[in-house]
Amino acid sequence: MKAAILVRAPFVSAIRVDVRWRRPSKVAAMNYRRLGRSGLKLGELSLGSWVTYGNQVDAAIARECMAAARDAGANFFDNAETYAKGAAESIMGEALRKLAWRRESYVVSTKFFWGIHDGPNERNTLNRKYLLEAIDGSLARLGLEHVDIVFCHRADPETPIEETVQALDDIIRAGKALYWGTSEWGAGEIAAAWEIAERHHLHKPVVEQPQYNLFHRERVEREYARLYVDYGIGTTTWSPLASGVLSGKYAGGVPAGSRATLKGYEWLSERITDPQRVARVCALEPVARELGCTLAQLAIAWCVRNPNVSTVITGASRPAQVVENMKALEVVPKLTPDVVARIDSIAGAPP
Ligand code: NDP
């Protein structure tokens, strides 16, 4: 039987990934994908800290979740300055200190745009002053000398893209970050940033961080299509479970302690509990049963299956969820074209 599958690389040529070799454990081996055209390799699954760290998860639980992800082979941990107003970075920093992993063995990101203070140059901006000052705050909270990836968390129409690109290049040249990218920028804005960097011999954006899940796929599958080929942009995608609804746990109402119950996240709760979405998730249940997996694993595996996704950033409020979600890797080879067509017909057709 041929076990090698052809994966379209985000840039230039196809990469042959041999799936025959498996780590001798019950969990499928993590493959490491290049982050777009860059040489940085990230596990297909990674772990993030939005909503959870600082709201639901303290440093002890964060440590357990990160350790469970690392045990499964994950090497990338995502964060942002704005998450719990800096507390998520402090919690991850404390967890990393206790875990005492070699710095070279993991990848950490942070993101800037919204800010954590109210001044005119401290919120909703990507101006030079904010970026060059914000990085120092994040490094102090994380207890790191550098982050591996800095993301511009949203586009800023009030700062010239040239100013932002120059500031990111300066952060990298100062050794405070190694790579930079964008999050939820329009394809045209990403192309403009790349072209500016090319023209001025500055560090180019190598990655975009978009939402991608069974209910939200237009940007990754259509809008960004040329970016993978023309600019070698990789993707670190977010909310593979659409904040938990794709796990199926909202079918019987809102479970206690879940994200949908959190104060301040009422806007998100409305989306999570949307009856049409919940009904579509229930309709996916027989497919998951036939594949011998949970709905969460099915939804995460579906994201991994897209070769233009460099890593799927998972989220979890407890270690057991991490363990379950990492096993989604076992489901990826079961997603044959027929199975994917069935999933699409239930969740929504490709854009
Ligand atoms: P998901 O859509 O996967 O949602 C994660 C949440 O779903 C968990 O916190 C948990 O919530 C629930 N859950 C997870 N696994 C299971 C399971 N097996 N069974 C039942 N429930 C489960 O991801 P996130 O929305 O958390 O996004 C992932 C990461 O992406 C973030 O942490 C962040 O790093 C990044 N992100 C980036 C954004 C950006 O703008 N760049 C925006 C949003 C996220 P509960 O407490 O309810 O159990």
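Keep in mind the model is a prediction, meaning the values are calculated, not measured.

Turning our eyes to something else, we now look at helix α2 (residues 87-99). Given 3.6 residues to a turn, an α-helix orients residues that are three or four positions apart in the same direction. For α2, with 13 residues, the first-to-last C-alpha span of 18 Å sits near the 18 Å given by 1.5 Å per residue. Among the residues of α2, Ala88, Glu89, Ile91, Met92, Gly93, Ala95, Leu96 and Leu99 are the ones counted as buried. Just downstream of α2 lies Ala100, where phi reads positive at about 50°.

Further remarks concern the sheet that holds strand β7 (residues 107-112). Ordered by their spatial adjacency, eight strands build a closed barrel running β5-β6-β7-β8-β9-β10-β11-β12, and the pairing between neighbours is parallel. Strand-to-strand, the axes of this sheet are offset by a mean angle of 30°, without reference to chain direction. As defined by bridge partners, strand β5 (residues 45-48) adjoins strand β6 (residues 76-78) across two bridges and the pair is classed as parallel. The residue bridging Gly48 from the neighbouring strand is Asp78, located in β6. Where helix α3 (residues 128-142) meets the sheet, its contacts fall on β7 and β8 (147-152), and the angle it forms with β7 comes to roughly 140°.

The next thing to look at is the pattern of salt bridges. Taken as a whole and judged by the stated rule, the model has 19 salt bridges. For the salt bridge of Arg103 with Asp148, the shortest nitrogen-to-oxygen distance reads 2.7 Å. Of this pair, Arg103 sits in the loop between α2 and β7 while Asp148 sits in strand β8; the two residues are 45 residues apart in sequence, bridging distant segments of the chain. As far as burial versus exposure is concerned, Arg103 and Asp148 are alike and both buried.

It is worth spelling out helix α9 (residues 275-291) at this point. Under the 1.5 Å per step criterion, the end-to-end length of α9 is 25 Å for 17 residues, consistent within 8% with the ideal 24 Å. Taken as a whole, α9 carries its principal kink of about 30° at Glu285; the proline Pro286 stands between one and four residues after it. For α9, the set of buried residues is Arg277, Val278, Val281, Leu284, Val287, Ala288 and Leu291. Its buried side turned inward, α9 meets α8 (266-272), α10 (295-304) and α12 (337-347). Directly after α9, the chain includes Gly292, whose backbone phi takes a positive value near 70°.

Among the nonpolar cores identified, the biggest contains 104 residues, and Leu47, Tyr53, Met66, Leu246, Leu298, Leu335 and Ile343 are the most heavily contacted of them. Among the elements that line this core, the one with the most residues is α10, at nine residues. Apart from residues lying up to four places away in sequence, Leu246 is in contact with Asn213, Leu214, Phe215, Pro240, Leu241, Val281, Leu284, Leu295, Ala296 and Ala299. Leu42, Ile149, Val206 and Val207 belong to the second largest nonpolar core, which has 10 residues in total.

The next thing to look at is the confidence of the model for the protein chain. In low-pLDDT regions, the fine details of the predicted coordinates are not to be read closely. Of all residues in the protein chain, 92% have pLDDT values of 70 or greater, and the mean over the chain is 93. For the stretch residues 1-25, pLDDT sits under 50, and the model shows 43 contacts to residues farther than four places along the chain or on other chains.

With that settled, the discussion passes to the site of the ligand. For the ligand, the set of nearby residues contains 34 residues, the closest of which are Asp78, Ser239, Ser243, Lys249 and Arg259. A distance of 3.5 Å is found between a nitrogen atom of the ligand and a side-chain nitrogen or oxygen belonging to Tyr83. Between Arg259 and the ligand, the recorded distance is 2.7 Å, taken from a backbone N or O atom to an oxygen atom. For the ligand, whose accessible area on its own is 900 Å², the fraction buried by protein is 97%.

It is worth spelling out the pairing of strand β10 (residues 205-208) at this point. Every regular strand shows the same layout, with side chains that alternate between the two sheet faces. Sheet topology note: the strand β9 (residues 177-182)/β10 ladder contains three bridges and is parallel. Bridging across to β10, Gly181 finds its partner in Val207. Note that the unit made of β9, helix α5 (residues 187-199) and β10 has a crossover that is right-handed. Sheet topology places β10 next to strand β11 (residues 234-237); two bridges connect them, and they run parallel. Within β11, the residue paired with Val207 across the bridge is Gly234.

To continue, consider the packing of aromatic side chains. One pass over the structure, following the stated rule, counts nine aromatic pairs. Ring geometry for Trp50 versus Trp238: centroids 6.4 Å apart, planes at 70°, classification edge-to-face. Of this pair, Trp50 sits in the loop between β5 and α1 (59-71) while Trp238 sits in the loop between β11 and α8, and the two are 188 residues apart along the sequence. Given a relative accessible area of 24%, Trp50 falls into the partly exposed group. Taken together, the ring pairs in this structure connect Trp50, Trp238, Tyr265 and Trp267 into an aromatic cluster. Lying over the aromatic face of Trp194, Lys204 brings its terminal NZ or CZ to 5.0 Å of the ring centre.

Each value, and the rule that gives it
- Every residue gets a number counted from 1 within its own chain, in the order that chain's sequence is written.
- Per-residue local features are limited, in this predicted model, to residues with pLDDT of at least 70; the limit for side-chain atom pairs, both in listing and counting, is 80 or more; totals at the level of whole chains, interfaces and linings are taken over all residues.
- Side-chain measures here rest on the full set of heavy atoms in the structure, leaving out hydrogens and waters.
- Note on conventions: DSSP H or I runs of at least 4 residues are helices, E runs of at least 2 residues are strands, and numbering of each starts at the N terminus.
- The span one expects for a helix is its residue count, reduced by one, times 1.5 Å.
- The classification of residues rests on relative accessible area computed with a 1.4 Å probe and restricted to protein chains. Under 20% of the type maximum is buried, over 50% is exposed, and intermediate values are partly exposed.
- Any two strands with at least two DSSP bridges between them are considered paired.
- In this analysis, axes come from line fits to C-alpha atoms, helices being fitted only over the stretch in contact, and the angle between any two N-to-C directions falls in the range 0 to 180 degrees.
- The contact rule is simple, with two residues in contact once any of their heavy atoms fall within 4.5 Å.
- Only one rule defines a salt bridge in this text: a Lys or Arg side-chain nitrogen within 4 Å of an Asp or Glu carboxyl oxygen.
- Each residue is assigned a bend, namely the angle between axes fitted to the seven residues that terminate at it and the seven residues that start at it.
- Residues belong to one nonpolar core when they are buried, are Ala, Val, Leu, Ile, Met, Phe, Trp, Tyr or Cys, and are joined through side-chain atoms within 4.5 Å.
- Values of pLDDT, which run from 0 to 100, indicate the predictor's confidence residue by residue.
- Proximity is defined per residue: any heavy atom of the residue falling within 4 Å of a molecule or strand makes that residue near it.
- Side-chain atoms alone can form a polar contact between residues adjacent in sequence; in general such a contact is a pair of N or O atoms within 3.5 Å, and within protein one must be able to donate a hydrogen while the other accepts it.
- To measure how exposed things are, a 1.4 Å probe is used in the Shrake-Rupley method; for residues, cover is taken only from the protein chains shown.
- Handedness is read with the strands pointing away from the viewer; a crossover is right-handed when the path from the first strand over the helix to the second is clockwise.
- Pairing of aromatic rings covers Phe, Tyr and Trp, the last counted by its six-membered ring, and requires centre-to-centre distances within 6.5 Å; plane angles under 30 degrees mean stacked, over 60 mean edge-to-face, and any other angle means tilted.
- To sit over a ring, a charge needs its Lys NZ or Arg CZ within 6 Å of the ring centre and within 35 degrees of the ring normal.

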